[in-house]
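# Residue-level structural notes
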Amino acid sequence: MLPLEHLHLKHVLQTVGVLEAVILRSFGPEGGQVLFTRDTGQAMLSRSGTRILRALHLEHPLARMVVECVLKHSTVTGDGSKTFILLLASLLREIHTAASKEPHVSYSYNSLEAAEAATARHLADKLLAFALKELDDLIAMEVASHGCYISWEDFTVETHSPAHTNNHVQKLFASFFHMRLGYVHCAFISELTCELLNHWKCIGALPSFALQFLKDNFPALHTPVSGFPVTSSRLVEGQVIHRDFATPCPQTDHQPVKAVVFTGYLQPRLLNTGDVLEVGCGVTEERSIVHFSAWTERSLKCIIAHLQSLGISVLLSAVKQSAAVLALATQAEMCFVECVSEDELSLFAQLSGATPISDCWRIEPEHIAKLTFCRPILLGAHRYENMPVFSLIYKATHLPTKNYLGIIYTSNLQTLVTDAKPCSLIICGPGEGQTDQYACAFQDAISMLLTTWEPMPETGTTVAKRTVQSNKCTSSYTHNLTDSSTCTSSNLHSLHKCVLQPGCVIPAGGTFEFLLNHALLKLSHSCSASNDTNIGIPVSRLLASALLSVPKQIYSHSPGQFLQTRTRHNTTPIQSEVFRQDLGLESVSCKYQLLLAVLQCVTSLLRVDTVLHTHTALHTQSLADASWESTEDEAED
């Protein structure tokens, strides 16, 4: 019989506490780098929460479950992996403390542990229900009203101009990269990210279109270069295709270039997959291999001549072509690039408007891309692994009036700007590991900004409640049945503005947690007299206490500053001077989604009461077969 492990609330808390101890080493502005060494001797130095969690060799299924939840959340929002673990551990401690103070519930259970587990599950369900019903309005009224809104025009200003030192987007990026990569290069990387977005902002009418385009195509839009300092990172015009020229590249800097993307083979093949070659004395001259080779050679010459007649000088191929194709292309002074990745061909097709084709005899105008130039570019002092020194770079002369990955719809085609400046990002780093970390940070920053620009999702209950509020001009923050308070017209306007308008940011340094903590405590006081619950403590107070764990860790080096900052946020509203301080900014929408993800993870963890240990995950099928055979033998006996 396979071993069983009965889990208690303290076991869950211990497991999450171990992950918290690892994360706290790099949390906050004063956090340091975490050094990992592998069995091969390779070392990794990082501040990224996702990278640290991925590097851990976790055996306990609960720990793997927590890390999976963190990675899913980080993939969507690009941020919050370390805060996720910190909030999760703090919430579990608050739930454990509250469950231990409810002795009357143990009368219905066989043991105190079972009673505490049931109470903890009930609290977790109440917390999640409260967050889904009330948290969005609470954040809109009490938190987002103290923030500001970033705009797409922030990318058009010169970051070095003294008149634009309060660029909110650059402050948002600087705070993000400071936590992810450290203080040294955060300003440079944030400026480079703003410059990248400025080049691509004309992709769509709304910011979310361009950001989604960059997020989906980032693997094809960046080139990692190891062996150089990060300050050597830059933008280059056009798209860099990470393949070398199979044929010499002609000089085309001062004339337009026509290119075609082929998905198949140009030279007809003697045998295809599944064909059978029959060799015998009865083979006639028309069916001989020699005759077929001569025919393919003549056919290939006709193909090259047809491409020349169309003015095509650059050919991109998804497969490796034969030596005869390359030889004839060289004679015709055509540039050939083989084995181009699917991501790069997809990006090329979207930017140029050209449709890939497999039959060269059916080339139409929509299959031909018109490029401004085509030339090799030297990246690095030596050849990369699986990447040549020279790469193809081009710039499209126009943008196609068609959907980008299904994001831009027909009604928005008129809003496309045709003077966009497509560019590629060259990311440099001292080593391969550091370069990869910088690339991941760039991609996560784009995901974070995309989440910031998305409005907080509204449920049917929220929309209906807001409609009632608009008619009656009242606002009710309730936990089950609580007192309601009159809402002023200005507060109602702030609610609509903060919830429906995307791009809300707030000063970093625990401002979000302080404000929401204060709002939740006021709410708990208003609902403390309610008798519609079996739990002695309102769940809003549990969430308020757990939120303080984030600023406590931020100001762990100075407890006095933590108390001063909390008092200032609770007694006086945030003034505009806060945004002129060097505190950085963080996204309200990302914080909101982080809280929901943490509460959902808490609910899932507390529903697990038993762990079934198998011998190895690699032999699951064999174990199942063995167990089935054993069951059959016992039945026969």
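Residues numbered from 1 in each chain as written. Predicted model: local features only at pLDDT ≥ 70, side-chain atom pairs only at ≥ 80, totals over all residues. Heavy atoms only, no water.

## Quick word on the sheet that holds strand β6 (residues 234–237)
For clarity, the cut-off: Any two strands are treated as partners once DSSP identifies two or more bridges connecting them. To qualify as a helix, a DSSP run of H or I must reach at least 4 residues; to qualify as a strand, a run of E must reach at least 2; elements of each kind are numbered from the N terminus. Angles shown run from 0 to 180 degrees and are taken between the N-to-C directions of axes, each axis being a line fitted to C-alpha atoms and, for helices, limited to the stretch in contact.
Pairing in this open sheet of 3 strands is mixed, and the strands run β5-β13-β6 from one edge to the other. Each edge of the sheet is formed by a strand with only one pairing partner; in this case those strands are β5 (222–226) and β6. Shown here is a sheet whose adjacent strand axes are inclined to one another by a mean of 30 degrees, direction ignored. In this structure, β5 lies alongside strand β13 (residues 423–429), joined through 5 bridges in parallel fashion. Of the residues in β13, the one forming a bridge with Val225 is Cys428.

## Notes on helix α12 (residues 432–453)
The criterion, for reference: Helix span, as expected, comes to 1.5 Å for every residue beyond the first. Only protein chains enter the accessibility calculation, which uses a 1.4 Å probe; a residue whose area is less than 20% of its type maximum is buried, one above 50% is exposed, and one in between is partly exposed.
Its 22 residues give α12 an end-to-end C-alpha distance of 32 Å, which sits within 8% of 32 Å, the value for a rise of 1.5 Å per residue. α12 sits mainly inside the fold: 16 of its 22 residues count as buried.

## Observations regarding the sheet that holds strand β4 (residues 148–149)
The condition is simple: Two residues form a contact once any of their heavy atoms are found within 4.5 Å.
In spatial order, the strands read β4-β16-β17; together these 3 strands make up an open sheet with antiparallel pairing. Each having just a single partner strand, β4 and β17 (585–587) make up the two edges of the open sheet. As paired elements, strand β16 (residues 504–507) and β17 share 3 bridges and run antiparallel to each other. Note on β17: the bridge partner recorded for Val505 is Ser587. Contacting β4, β16 and β17, helix α6 (residues 168–181) runs over the sheet at an angle of about 85 degrees to β17. Relative to the sheet, helix α15 (residues 511–526) contacts β16 and β17, its axis offset from that of β16 by approximately 95 degrees.

## Some points on the environment of Thr50
Topologically, Thr50 is positioned in helix α2 (residues 49–55). Residues Thr50 and Ser81 lie 31 residues apart in sequence; the distance between their C-alpha atoms is 6.0 Å. Non-local contacts of Thr50, meaning those with residues more than four positions away in its chain, are made with Leu71, Ser74 and Ser81.

## Examining the packing of aromatic side chains
The following threshold applies: Pairing of aromatic rings covers Phe, Tyr and Trp, the last counted by its six-membered ring, and requires centre-to-centre distances within 6.5 Å; plane angles under 30 degrees mean stacked, over 60 mean edge-to-face, and any other angle means tilted.
One pass over the structure, following the stated rule, counts 4 aromatic pairs. Judged by centre distance (5.5 Å) and plane angle (40 degrees), the ring pair of Trp200 and Phe213 falls under tilted. Here Trp200 is found in helix α7 (residues 186–200), whereas its partner Phe213 is found in helix α8 (residues 207–221), with 13 residues between them in sequence. The burial state of Trp200 is the same as that of Phe213; both residues are buried. Each member of the aromatic cluster is reached from another via a ring pair, and the members are Phe173, Phe176, Phe177 and Phe442.

## A word on the side chain of Gln350
Stated precisely, the cut-off is as follows: A 3.5 Å cut-off defines polar contacts: any pair of N or O atoms within that distance qualifies, except that in protein one atom must be a possible hydrogen donor and the other a possible acceptor, and neighbouring residues in sequence count only when both atoms are side-chain atoms.
Within the secondary structure, Gln350 sits in helix α11 (residues 342–352). For Gln350, a relative accessible area of 7% gives the class buried. Of the polar contacts made by the side chain of Gln350, one reaches the side chain of Asn217; its length is 3.3 Å.

## Remarks on the environment of His242
For His242, the position within the fold is in the loop between β7 (239–241) and β8 (257–262). Along the backbone, His242 and Val340 are 98 residues apart, and their C-alpha atoms lie at a distance of 7.5 Å. Only 2.6 Å separates the side chain of His242 from the side chain of Thr223, close enough to count as a polar contact. A polar atom in the side chain of His242 sits 2.4 Å from the side chain of Glu344.

## Focus: the pattern of salt bridges
Selection criterion: Salt bridge, as applied in this entry: a Lys or Arg side-chain nitrogen positioned within 4 Å of an Asp or Glu carboxyl oxygen.
Throughout the structure, instances matching the rule amount to 11 salt bridges. Asp125 is the partner of Arg607 in a salt bridge, and the nearest nitrogen-oxygen pair spans 3.4 Å. Placement of the pair is Arg607 in the loop between α19 (588–606) and β18 (610–612) and Asp125 in helix α5 (residues 112–142), with a sequence separation of 482 residues. A salt bridge links Glu338 to Lys320, with the shortest nitrogen-to-oxygen separation between them at 3.6 Å. With a gap of 18 residues between them, Glu338 in the loop between β10 (335–337) and α11 and Lys320 in the loop between β9 (314–317) and α10 (323–331) connect regions that are remote in the sequence. Judged by relative accessible area, which is 8%, Glu338 ranks as buried. What makes Lys320 exposed here is its relative accessible area of 53%. Within this structure, Glu513, Glu586 and Lys591 form a network of salt bridges that share partners.

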